[in-house]
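In case you want the letters, here they are:
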Amino acid sequence: MLADISQNLWWSWQLDARELFHRIDRRLWEGTRHNAVQFLRQVSPERLEENAQDPISLERYDRVVRRFELLTQQNGTWFAGRYPELRNRPIAYFSAEFALHRSLPIYSGGLGVLAGDHCKEASDLGVPLIGVGLYYHGGYFDQLIGLDGWQRDSDDPVDPTVNPVVRVNGADGKPCLVAVTISGREVQVGAWRVVVGRIPVYLLDTDLEANDAGDRQLTARLYTGAPEWRLRQEWVLGVGGVRLLRALGIQPEVWHANEGHAAFMFIERMRELTGTGLTAVKAAEQIRATSVFTTHTPVAAGHDVFTSEQVEQVTGPFWNTMGITRDQFLALGKSGGDDRRFEMTVLSLRLAGRVNAVSARHQEESRRIWRWMWGKKPVADVPIDHVTNGVHLSTWMARPIRDLVAKSLGSDWELEAEPAAVAAAVRETDDDRLWAAHDSLRQLLFHYIREEARVRWREKWKDAARLAGSGALLSPAVFTIGFARRFATYKRADLLFRDRERLRRLLTDPSRPVQIIFSGKAHPADDPGKRLLQQVFLAAQDPSFEGRIAFLEDYELHLAHRLVAGVDLWLNLPRVPLEACGTSGMKAALNGVPQLGTLDGWWAEGYTGQKGWAIPRASGGTGGAGGEDGDTDQRDMEHLFGLLEEKVVPMYYDRLPGQHSAEWVHMMKGALTVAVERFTTRRMLQTYVTQYYVPAAAGEATPGDPPL
Ligand SMILES: *Cc1c(COP(=O)(O)O)cnc(C)c1O
């Protein structure tokens, strides 16, 4: 039975299941970085035998099995209770990345984490979702940083032997293959399945013997390589994804494209519909009525743009099978007046009738950016709405915090309790207990950082400065700030370094010292991002900061878990309005870690004065495209230092020796309550279901006018 459980990633958000593995062999569990498949391969039979005699483990085991068996029943879930008639009518969810577990490196950051959390929540709520993505057998990349602070990338391949992935077979027991024509060549596409609770996720793969060597590499890597390469991958995802579902006999009722990467699925469905005799116009209407599109960033580089030649080269002459001309086909993705630009977001906006941004702030920005597609209608009439992102509570709230809530709501609260009840439980929690829980998570983080440094020191580092820079000198007694995210320049990891002397004074204050932990990868093609990273990395080794800055290599899910729960303050400094939402601050808040940030993305909604701190918006104007803006950076930096020096640090240290600050714990509770009430995937997915999926399945009219 444990083996069955390990084959469904459901265990990864079940506290009991994880505790079970932990209790069987703690060191092995840590050593595999919480990977159940690998764990069961390596655990000794004696350990398992011993454990089978242990009453605590047995009881836990029974509980896990009982819950696991409930997964096969759809009855009793939130969705089945409300929409019994839609129970068996699937929603296809296409995404170029899914972050499900650290051992499956098919994600690069926030978009993937969101998709993974979306699937987990769909499982909890019983929403009949089916995920479709790509199987990047070469993975994303491991971050290796040279002595000079320059990021070098090394491979981080997917290892199918330590992952619960299986090849998808057809009814005949042979691998299920579909064909997709790319640049005039027929390429075979197979798939792997990974099961996330009740939700299957299909990952497409061209690495098959039937394909030639070049085509086998098509799906090998995430977001690396030239645009043509990306384009081919997206063609595989969109066209291959629809064909795979059909080959498996799955007929989705609603189709959701998570970001523009998946937009070619609309094109394949247009081919299907025109093939049944519909005109292209009627087909497009039908696709719009049943499709949802989520746009994820206002940053131009985040939107795939290809040239019409590239599109023609890869996809042509697909239009012949759709009953339209080449020009009509290319016009679907044509952006602005430029005949040569083919943009995936534009394609999605034309063919999905229900469109959302990922925060209220991002909705404003998206309407402004895409207004031209509606003939410059007033912004209020542009039919782009928003569903603010959320995070999956059971994935991101650490055990000591969950245990506190369980004290008042009982052990099944995560599935059952209403957000308001959870918030009330948090408010009533004893301050000392909350602080003790937080403190235990801090200790865990510092332990983790030390042990990681120890291993790297032993195995690869020759240089002692590396050791200091990686956090070996951090002190558990010192106020700790966390900043972990992709190193893109607009996220401004360098804001504090604009005044190094002031930063040095802040960090090395003898009575109220401060330390900062940084982590994050730069995109392999982003040299400005890499320079930023280099600056932070080298500062961490600069003795004048006295070891109070750390840079942790290789930010990924596992490290993210430790960080968001173990620091005292989360720092988020995007240049407004470029952060569409941001989710790491929500993860921190779910663990009682307040945020200090610019009023962008989710923080423009979440900040209310009692739950953290905000850098006020620059007066006058919405910020527009938000390019390089030295004045804004300077101003935001002044505010940032001011808040830290005058408000945040004094509040944290307003305490007697060995105790905690009452005001600070009050702030922690504020962060926790706002997160459980408003920023979980529970609220997010329920909104998608009630306002997007169900109306689409019911054939309700789409909001607003279609674009011109
Ligand atoms: C949550 C998360 C992100 C996204 O965080 P942002 O706040 O959106 O930048 C990126 N990477 C990992 C590993 C995460 O866990």
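Please read these numbers as outputs of a predicted model, since none were measured by experiment. (Residues numbered from 1 in each chain as written. Predicted model: local features only at pLDDT ≥ 70, side-chain atom pairs only at ≥ 80, totals over all residues. Heavy atoms only, no water.)

Things to note about the packing of helix α8 (residues 110-125) against helix α30 (residues 681-697)
Moving on, step 1. Packing of α8 against α30 leaves a shortest axis separation of 9 Å and a crossing angle of 80 degrees. In this view, α8 runs roughly perpendicular relative to α30, as classed from their interaxial angle. For the pair α8 and α30, the contacting residues are L114, D117, H118, E121, A122, D124 and L125 in the first and T681, R682, M684, L685, Q686, Y688 and Y693 in the second.
Moving on, step 2. Across the contact of α8 with α30, the residue classes tally to 7 nonpolar, 3 polar and 4 charged. (Axes fitted to C-alpha atoms, helices over the stretch in contact; angles between N-to-C directions. Helix = DSSP H or I, 4+ residues; strand = E, 2+ residues; numbered from the N terminus. Parallel < 35°, antiparallel > 145°, perpendicular 65-115°, else oblique. Contact = heavy atoms within 4.5 Å. Nonpolar A, V, L, I, M, F, W, Y, C, P; charged D, E, K, R; others polar.)

Examining the packing of aromatic side chains
Moving on, step 1. Under the criterion given, the structure shown has 33 aromatic pairs.
Moving on, step 2. Relative to F39, the ring of F21 has its centre 5.5 Å away and its plane inclined at 65 degrees; by these criteria the two rings are edge-to-face. One end of the pair, F21, is in helix α2 (residues 15-24); the other, F39, is in helix α4 (residues 36-42), and 18 residues separate them in sequence.
Moving on, step 3. Given the relative accessible area of 0%, F39 is considered buried.
Moving on, step 4. Aromatic pair F487 and F551: ring centres 6.0 Å apart, planes at 50 degrees, arrangement tilted. Of this pair, F487 sits in the loop between β16 (479-484) and α23 (500-508) while F551 sits in strand β18 (residues 549-552), and the two are 64 residues apart along the sequence.
Moving on, step 5. Classification of F487 by relative accessible area gives buried; the value is 1%.
Moving on, step 6. An aromatic cluster of three or more residues is present, and its members are W235, F264, F318, W319, F329 and F342.
Moving on, step 7. Above the ring of F141, the side-chain terminus of K521 is found at 4.9 Å from the ring centroid.
Moving on, step 8. Directly above the aromatic system of W396 lies the positively charged group of K587, at a separation of 4.2 Å from the ring centroid. (Phe/Tyr/Trp six-rings, centres within 6.5 Å; stacked < 30°, edge-to-face > 60°. Buried < 20%, exposed > 50% of the residue type's maximum accessible area, 1.4 Å probe, protein only. Lys NZ or Arg CZ within 6 Å of the ring centre and 35° of its normal.)

Some details on helix α21 (residues 431-459)
Moving on, step 1. Between its first and last C-alpha, α21 extends 42 Å over 29 residues, near the 42 Å set by a 1.5 Å rise per residue.
Moving on, step 2. Within α21, the full set of buried residues consists of L434, W435, A437, H438, L441, R442, L445, F446, Y448, I449, A453 and R456. (Expected span 1.5 Å × (residues − 1).)

Things to note about the site of the ligand
Moving on, step 1. The full set close to the ligand counts 14 residues, and R485, K491, T583, S584 and K587 are the nearest of them.
Moving on, step 2. Breaking the shell around the ligand down by element, the ones donating at least two residues are α8, α25 (557-566) and α26 (584-589).
Moving on, step 3. When the residues that make up the shell around the ligand are grouped by side-chain class, the tally is 5 nonpolar, 5 polar and 4 charged.
Moving on, step 4. Taken together, domain 2 (78-389 + 687-697) and domain 3 (393-617 + 631-679) each give at least three residues to the shell around the ligand, which thus spans both. (Near = heavy atom within 4 Å. Domains from an automatic or database assignment.)

A word on the sheet that holds strand β17 (residues 514-519)
Moving on, step 1. Sheet architecture is open: 6 strands sit in the order β18-β17-β16-β19-β20-β21, paired in parallel fashion. Sheet topology places β18 and β21 (612-615) at the edges, where each strand pairs with a single neighbour. Between one strand axis and the next, the sheet turns by 20 degrees as a mean value, whatever way the strands run.
Moving on, step 2. Strand direction decides the pairing type here: β17 and β18, joined by 4 bridges, are parallel. Across the sheet, the residue bridging to S519 is L552, located in β18.
Moving on, step 3. Across the sheet, α23 touches β17 and β18, and the angle it forms with β17 is around 115 degrees. (Pairing = 2+ DSSP bridges.)

Brief notes about the nonpolar core
Moving on, step 1. With 127 residues, the main nonpolar core has F94, I267 and Y693 as its most contacted residues.
Moving on, step 2. With 9 residues, the single largest contributor to this core is α30.
Moving on, step 3. Two domains each provide a minimum of three residues to this core, namely domain 1 (2-72) and domain 2 (78-389 + 687-697).
Moving on, step 4. In contact with Y693, other than residues within four places in its own chain, are I91, Y93, H118, L129, V254, H256, V292 and Y688. (Core = buried A, V, L, I, M, F, W, Y, C linked by side-chain atoms within 4.5 Å.)

Focus on the pattern of salt bridges
Moving on, step 1. For the structure on display, the rule yields 55 salt bridges.
Moving on, step 2. Linking R399 and D403 is a salt bridge whose minimum nitrogen-to-oxygen distance equals 3.6 Å. Taken together, the residues R399 and D403, both in helix α18 (residues 399-409) and 4 residues apart, mark about one turn of the helix.
Moving on, step 3. When the shortest N-O distance is used, the salt bridge between E414 and R402 registers 2.8 Å. Pair noted here: E414 is in helix α19 (residues 413-416) and R402 is in helix α18, with a separation of 12 residues, a long-range link. You'll find E414 and R402 in the same group, each marked buried.
Moving on, step 4. One network of salt bridges, with partners in common, ties together D16, E19, E59, R60, R63, R67, R399, D403 and D412. (Salt bridge = Lys/Arg side-chain N within 4 Å of Asp/Glu carboxyl O.)

Section: the environment of L204
Moving on, step 1. Inspection of the secondary structure assignment puts L204 in strand β8 (residues 199-205).
Moving on, step 2. You can call L204 buried: its relative accessible area is 0%.
Moving on, step 3. Sequence separation between L204 and Q233 is 29 residues; the distance between their C-alpha atoms is 9.8 Å.

Topic: the packing of α23 against helix α28 (residues 630-652)
Moving on, step 1. The interhelical angle for the contact between α23 and α28, taken along N-to-C directions, is 15 degrees, at an axis separation of 11 Å. Judged by the inter-axis angle, α23 sits roughly parallel to α28. The way α23 lies across α28 gives a crossing that is left-handed. Along the contact surface, α23 presents R502, L503 and L506, while α28 presents E638, F641, G642, L644, E645 and V649.
Moving on, step 2. Class assignment of the residues belonging to the contact of α23 with α28 gives a composition of 5 nonpolar, 1 polar and 3 charged. (Left-handed = near helix turned anticlockwise from the far one by under 90°.)

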